[in-house]
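What follows is each chain in one-letter form.
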Amino acid sequence: MSSRKPKLFTVLKAWNLTPNMIRVTLTGPEIAAMDPNCRGANCKIFLPAEGQSRDEFERQLQDGPRPVVRTYTVRQLRAKAQEMDIDFVYHGDEGPASAWAARAKPGDFCGFGGPGPVKVTSFYANSYLIIADMSALPLAAATLEAMPEDATGTAIFEIMAPTDRQHFRIPPGIETHWIVNADPHVQTETIPRMVAALDWPAGVVQTCIAGESGVIKTLRQALLVDRKLPKEDCYISGYWKIGLKEDEHQTMKRAENAIA
Ligand SMILES: Cc1cc2nc3c(=O)[nH]c(=O)nc-3n(C[C@H](O)[C@H](O)[C@H](O)COP(=O)(O)OP(=O)(O)OC[C@H]3O[C@@H](n4cnc5c(N)ncnc54)[C@H](O)[C@@H]3O)c2cc1C
C-alpha cells in the first residue's frame, strides 16, 4: 500500500451499474497524485459507523481505533478529475461494506488505503484463462482491458442475474461465457466443470482467477496440482468465503498459507 494512513475520500456519486453491482465514485485531492494505471489493484475501504460525523471519522482514521475495513479493487481512476470508481457487489445488508455502498450518496465519506500492486502486469502467454465471480469482475475487467488486442483464451464470469452482465473491452480472441448463479452462497459446480472440459491450449497459459474461496480451492487443485501450471503464470485468489466475514476469511487464509 502506498501510504500507511488512510485517506479520507468523499462520495461523488453512487448508482447501480447492474442490479447487484453498485458503482461508487470517490473523490479527493490525493487521487490526482495516484498512478493512473492502477486499475485492477486492490485497496482498503474504511467504513464509518452509521451516523458518524465526518470530523469524528477523520479523527478515528488518524488516531484509531481502526474502523471496519474491507478489501476492494480500483475499477477506474481519473487522476486529473480526482475521481476513482469502486464497484461493490450488493449481497444484502449483513455485510457492512455491501450495506454502506447501498446507502451511499453524494457527500458521504469513507477511508481509503492503497492502492496495492496491480495483479497482472505483463502479458506473455499463448493463451489466457480469466475466471471471476461478481466480486472479482472489477479485477477481470481491468485485466482484460489491459491485454493485447490479439490475446486469445477463455473468460468465464459468474453473475447473480442475466442483467448483471457488463460491457467492457474484451479482446476478440477471448471466448467469453457468462453463467448465472442466482444464489452465490451455493457454491457453483459449473465453473470447475467448464474448466475440466476446456480444450486445453498448447504453450504458456496465464490465469487471472478470483472469487469465492471454495470454488477457488477446487480450481487451484485442477490448475496448479493436476495441470501443473507454473505458479508464476497464475494469479488465483479467494476473494470471499461463504459464511465468513472478511476478517474471518483472512484469518483462515493466513492459517492455510502457514500450513502450505
Ligand atoms: C484483493 C481483493 C479484492 C476485492 N475486490 C472486490 C471488489 O472490487 N468488489 C467487491 O464487491 N468485492 C471485492 N472483494 C471481496 C470483498 O472484500 C468481500 O466480498 C467482503 O467480504 C465484502 O465485505 P462486506 O462487509 O460486504 O461483507 P462481510 O462482513 O465480509 O461478510 C458478511 C457476509 O456476506 C457474505 N459475502 C461476502 N462477500 C460476498 C459476495 N461477494 N457475495 C455474496 N456474499 C458475500 C459473507 O460470506 C458473510 O456471510 C475483494 C476481495 C479481495 C481479497
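Remember, predicted model here, so these are calculated numbers, not experimental data.

The rules behind each value
Residues numbered from 1 in each chain as written. Predicted model: local features only at pLDDT ≥ 70, side-chain atom pairs only at ≥ 80, totals over all residues. Heavy atoms only, no water. Phe/Tyr/Trp six-rings, centres within 6.5 Å; stacked < 30°, edge-to-face > 60°. Helix = DSSP H or I, 4+ residues; strand = E, 2+ residues; numbered from the N terminus. Buried < 20%, exposed > 50% of the residue type's maximum accessible area, 1.4 Å probe, protein only. Lys NZ or Arg CZ within 6 Å of the ring centre and 35° of its normal. Salt bridge = Lys/Arg side-chain N within 4 Å of Asp/Glu carboxyl O. Pairing = 2+ DSSP bridges. Axes fitted to C-alpha atoms, helices over the stretch in contact; angles between N-to-C directions. Contact = heavy atoms within 4.5 Å. Core = buried A, V, L, I, M, F, W, Y, C linked by side-chain atoms within 4.5 Å. Near = heavy atom within 4 Å. Polar contact = N/O pair within 3.5 Å; in protein donor to acceptor, adjacent residues only side chain to side chain. Areas by Shrake-Rupley, 256 points an atom, 1.4 Å probe, with all protein chains shown as cover. Nonpolar A, V, L, I, M, F, W, Y, C, P; charged D, E, K, R; others polar. Domains from an automatic or database assignment. Buried area = accessible area lost by both parts, 1.4 Å probe.

1. Side note on the packing of aromatic side chains
Phase 1: Taken as a whole, this structure holds eight aromatic pairs when the rule is applied.
Phase 2: Ring geometry for Phe 157 versus Trp 178: centroids 4.5 Å apart, planes at 40°, classification tilted. One end of the pair, Phe 157, is in strand β8 (residues 152-159); the other, Trp 178, is in strand β9 (residues 173-180), and 21 residues separate them in sequence.
Phase 3: Take Trp 178: its relative accessible area is 16%, and that puts it in the buried class.
Phase 4: Here the aromatic residues Tyr 72, Phe 88 and Trp 100 are joined through ring pairs into a cluster of three or more.
Phase 5: Of note, Lys 13 hangs over the ring of Trp 15, and the distance from its end group to the ring centre comes to 5.4 Å.

2. Comments concerning the pattern of salt bridges
Phase 1: Going through the model one piece at a time under the given rule, you end up with nine salt bridges.
Phase 2: With its nearest N and O atoms 3.0 Å apart, the salt bridge here joins Glu 145 to Arg 39. With Glu 145 in helix α3 (residues 137-146) and Arg 39 in the loop between β2 (21-27) and β3 (42-47), the pair connects residues that are 106 residues apart, well separated along the chain.
Phase 3: Here Asp 85 ties to Arg 78 by a salt bridge, and the two come within 2.9 Å at their closest N and O atoms.
Phase 4: Classification of Asp 85 by relative accessible area gives buried; the value is 3%.

3. As for the sheet that holds strand β4 (residues 68-78)
Phase 1: Spatial strand order, β1-β2-β5-β4-β3-β6: six strands in a closed barrel with antiparallel pairing. Pairs of neighbouring strands in the sheet enclose a mean axial angle of 45°, with direction left out of account.
Phase 2: With four bridges joining them, β4 and strand β5 (residues 83-89) adopt antiparallel strand pairing. Opposite Val 74, over in β5, you have Ile 86 as the bridge partner.
Phase 3: Together, β1 (7-18), β3 and β6 (109-113) form the strand contacts of helix α1 (residues 54-63), whose direction differs from that of β1 by roughly 110°.

4. Observations concerning the nonpolar core
Phase 1: Core analysis: the largest hydrophobic core is formed by 26 residues, its most contacted members being Ile 130, Leu 137 and Phe 157.
Phase 2: Elements represented by at least two residues in this core include exactly β7 (127-132), α3, β8, β9 and β10 (205-212).
Phase 3: Apart from residues lying up to four places away in sequence, Ile 130 is in contact with Ala 140, Leu 144, Met 147, Thr 154, Ala 155, Ile 156, Phe 157 and Cys 208.

5. Some details on the environment of Pro 36
Phase 1: Within the secondary structure, Pro 36 is located in the loop between β2 and β3.
Phase 2: When the C-alpha atoms of Pro 36 and Pro 171 are compared, they prove to be 22 Å apart, with 135 residues separating the residues in sequence.

6. Description of the site of the ligand
Phase 1: Residues in contact with the ligand amount to 26 residues; listed here are only the nearest, Thr 71, Thr 73, His 91, Lys 241 and Glu 246.
Phase 2: Val 89 has a polar backbone atom sitting 2.8 Å from an oxygen atom of the ligand.
Phase 3: When isolated, the ligand has an accessible area of 920 Å², and the protein chains bury 96% of it.
Phase 4: The set of elements that each furnish at least two residues to the shell around the ligand consists of β4, β5, α2 (96-103) and β11 (234-240).
Phase 5: The dominant element in the shell around the ligand, judged by the number of residues it contributes, is β4, at four residues.
Phase 6: Its residues assigned to classes, the shell around the ligand comprises eleven nonpolar, nine polar and six charged.
Phase 7: Both domains that meet at the shell around the ligand, namely domain 1 (7-113) and domain 2 (127-259), each give it at least three residues.

7. Brief notes about the domain arrangement of the chain
Phase 1: The assigned domain composition of the chain is domain 1 (7-113) and domain 2 (127-259).
Phase 2: Taken over C-alpha atoms, the centre of domain 1 sits 24 Å from the centre of domain 2.
Phase 3: The partner domain 2 presents 20 residues to the 17 residues of domain 1 that form the contact.
Phase 4: For the domain 1 face of the interface with domain 2, the top three residues by lost area are Asn 20, Arg 70 and Arg 75, together amounting to 32%.
Phase 5: For the interface between domain 1 and domain 2, the tally reads three salt bridges.
Phase 6: Taking the shortest distance from any N to any O, the salt bridge between Asp 247 and Arg 70 comes out at 3.1 Å.
Phase 7: Applying the counting criterion to the domain 1 and domain 2 interface returns six residue pairs in polar contact (both at pLDDT 80 or more).
Phase 8: Contributing elements (two or more residues each) for the side of domain 1 that touches domain 2: β1, β4 and β5.
Phase 9: Class assignment of the residues belonging to the side of domain 1 that touches domain 2 gives a composition of six nonpolar, six polar and five charged.

8. Things to note about the sheet that holds β7
Phase 1: With parallel pairing, five strands are arranged side by side in an open sheet as β9-β8-β7-β10-β11. The sheet is open, and its two borders are formed by β9 and β11, each paired with just one other strand. Geometrically, the sheet is characterised by an average inter-axis angle of 5° between neighbouring strands, direction not taken into account.
Phase 2: Two elements, β7 and β8, share five bridges in a ladder whose sense is parallel. Within β8, the residue paired with Ile 130 across the bridge is Ala 155.
Phase 3: Contacting β7, β10 and β11, helix α5 (residues 213-226) crosses the sheet at an angle of about 160° to β11.

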